[in-house]
Amino acid sequence: MNRPNQPEPQAPARLIEDLRALDRRALFVPPAVDERLLAEARRHLAEGRSAAPPWRVLQPKLALAACLAALGLLAALFVARSPQFAREDLNRDGTVDIRDAFALARILETGAGHDRAWDFNGDGVMDRGDVDTLAAQAVRLPNGKPAKVKEAAGEPKHRNAGLAKDRTPTPEDAS
Amino acid sequence: MSRHFFYLLAGLCLAAAALDQREADRAEETRFRPVDVFVDSGEQPLAAYQLHFQATAGDVKIVGIEGGEHPAFAEPPYYDPKAIQREQVILAAFNALPVDQLPTGKTRVATLHVRIAGETAPQFEVKAQTAASADGERLAVTVACEERKTE
């Protein structure tokens, strides 16, 4: 129930005077207290920073790992899509044939360059024997094994050295 | 008893004679023939070739392989030794001689010696697998084979 006709209550005059005097008093705060408060505030802020959740700390590393994984996947896809050539397929036409042996022979003759991957007979030397091994692979019958290339010591290297140089059976032999 | 034994002996002799004659006939049916293999590279010098030869009819066995007529391919070509006594072979050869020393046109690159048995006429098939010019580039060629006529 409101009683609008009644006057507002008044505070005692002495109380009003004391409160006004309180506002006018200078409050002294020692510098040590300021410094301590400042130090406490800094420590609190530092704790707040280090108290971030672990996933937030790991977030950049996870992003980097994801990027690397994506790059690796792309590289794997690229390699899988790119044609794979046999080591013997020197001209990269998808077939190991006499043209590869011919290419290797020309490289060896011109000295255009040597690649250890061309040591097809595994003797540690790139020479005519590797050409013969490559040619032997080219003429291998579907269910046959690579022909062994014989190399006679001291024998001059011929164009068709190796298996084709071997004496072939004659009708007289067969009869 | 002795008469039966005589008939039995005579029968055995006749059978043996018949078998012997059959073997003789079979031996006469077996013959050896050379088959020439040709490569035609047109106007381009032939530096390398690879072809597949196969007997498609008849009882044919390869018994020998020798080189061709041109000096560049006079040596026996590369082949799988397992092809001997079989009916098919892959032949290949190359030569890195200068262009003016390589054959052009149709040239005999190899000769195969085959043993033919039986009365079935043999048929041969040869297919070019690849060929190259002096610079190693792929070359279009035609190949053929032909049984050499012998007296």
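Rules used in this analysis
Residues numbered from 1 in each chain as written. Chains lettered and ligands numbered in written order. Predicted model: local features only at pLDDT ≥ 70, side-chain atom pairs only at ≥ 80, totals over all residues. Helix = DSSP H or I, 4+ residues; strand = E, 2+ residues; numbered from the N terminus. Buried ≥ 20, exposed ≤ 12 C-beta atoms within 10 Å, placed from the backbone. Contact = placed C-beta atoms within 7 Å. Pairing = 2+ DSSP bridges. Axes fitted to C-alpha atoms, helices over the stretch in contact; angles between N-to-C directions. pLDDT = per-residue confidence, 0-100. Expected span 1.5 Å × (residues − 1). Core = buried A, V, L, I, M, F, W, Y, C linked by C-beta atoms within 7 Å.

A.B. asks: Would you take a moment to explain the overall build of chain B for this structure?
C.D. replies: When helices and strands are counted, chain B shows 1 helix and 7 strands. In chain B, the succession of α and β elements from N to C terminus is α-β-β-β-β-β-β-β. Sorting the 151 residues of chain B into buried and exposed places 36% on the buried side.

A.B. asks: Which parts of the structure should I look at to understand the overall build of chain A?
C.D. replies: Each helix and strand counted, chain A has 6 helices and 0 strands in total. Going residue by residue from the N terminus, the α and β elements of chain A occur as α-α-α-α-α-α. Counting every position in chain A, which comprises 175 residues, the buried fraction comes to 17%. For chain A, contacts bridging at least 24 residues in sequence account for 36% of all contacts bridging at least 6.

A.B. asks: What should I look at first to understand helix α5 (residues 128-138) of chain A in this one?
C.D. replies: Among the 11 residues that make up α5 of chain A, 8 are buried, leaving the element largely enclosed by the rest of the structure. For α5 of chain A, every residue scored as buried is listed here: D130, V131, D132, T133, L134, A135, A136 and A138 of chain A. At its buried positions, α5 of chain A is contacted by α4 (98-110) of chain A together with β2 (48-57) and β4 (88-94) of chain B.

A.B. asks: Just to check I follow, could you spell out the sheet that holds strand β1 (residues 31-40) of chain B for this structure?
C.D. replies: Across a sheet, paired strands are connected by hydrogen bonds in the backbone, their directions being either parallel or antiparallel. Residues and elements named next belong to chain B. Taken in spatial order, the 4 strands line up as β3-β5-β1-β7 in an open sheet, and their pairing is antiparallel. The sheet is open, and its two borders are formed by β3 (59-67) and β7 (142-147), each paired with just one other strand. Averaged over neighbouring strand pairs, the angle between their axes works out to 25° when direction is ignored. Pairing analysis gives 8 bridges linking β3 to strand β5 (residues 106-117), with the strands arranged antiparallel. Counted as the bridge partner of E66 is T111 from β5.

A.B. asks: Would you mind going over the confidence of the model for chain A with me for this structure?
C.D. replies: Do not read the fine detail of predicted coordinates wherever pLDDT is low. The predicted model of chain A has a mean per-residue pLDDT of 75, with 73% of residues at 70 or higher. Low pLDDT, under 50, characterises residues 147-175 of chain A; the predicted model gives this stretch 54 contacts beyond four residues in sequence or across chains.

A.B. asks: I'm lost on α4 of chain A in this one. Help?
C.D. replies: Note that an α-helix has 3.6 residues per turn; residues three or four places apart therefore point the same way. Taking 1.5 Å as the rise per residue, α4 of chain A with 13 residues should run 18 Å; its terminal C-alpha atoms sit 18 Å apart, in good agreement. Looking at α4 of chain A, one finds that the buried residues are I98, R99, D100, A101, F102, L104 and A105 of chain A. Residues of α4 of chain A that are buried in the fold lie against α5 of chain A together with β2, β4 and β6 (123-132) of chain B. Looking one or two places after α4 of chain A, you find G111 of chain A, whose phi comes out positive at around 65°.

A.B. asks: Just to check I follow, could you spell out the nonpolar core for this structure?
C.D. replies: The nonpolar side chains of soluble globular proteins are, as a tendency, buried together. Judged by nonpolar contacts, the single largest core of 54 residues is most densely connected at A101 and A135 of chain A together with V37, Y49, L91 and A92 of chain B. Secondary structure elements with two or more residues in this core: α4 and α5 of chain A together with β1, β2, β3, β4, β5 and β6 of chain B. At 6 residues, β4 of chain B tops the list of elements feeding residues into this core. What V37 of chain B contacts, discounting residues up to four positions off in sequence, is L51, F53, L91, R108, V109, A110, T111, L112, V126 and C145 of chain B.

A.B. asks: Is there a simple way to explain the pairing of β1 of chain B in this structure?
C.D. replies: Consecutive side chains of a regular strand alternate in pointing toward one face of the sheet and then the other. Residues and elements named next belong to chain B. The pairing of β1 with β5 spans 10 bridges and is classified as antiparallel. Each residue of the ladder has a partner; that of R33, found in β5, is V114. With 6 bridges connecting them, β1 and β7 associate as antiparallel partners. Note that in β7 the partner of D36 across the bridge is E146.

A.B. asks: Could you clarify how one ought to interpret the environment of A57 of chain B in this entry?
C.D. replies: Residue and element names in this part refer to chain B. You can see A57 is positioned in strand β2. By C-beta crowding, A57 is classed as exposed, having 12 other C-beta atoms within 10 Å. Taking C-alpha positions, A57 is 7.0 Å from A121, a pair spaced 64 residues apart along the chain. Discounting residues that sit within four places of it in the chain, A57 has contacts with T120, A121, P122 and Q123.

A.B. asks: Please explain the pairing of β2 of chain B as it appears in this structure.
C.D. replies: Residue and element names in this part refer to chain B. Where β2 meets β4, 7 bridges bridge the pair, whose relative direction is antiparallel. Note on β4: the bridge partner recorded for L51 is L91. Summarising the sheet, β2 and β6 pair through 9 bridges and their orientation is antiparallel. The residue of β6 that forms the bridge with L51 is A128.

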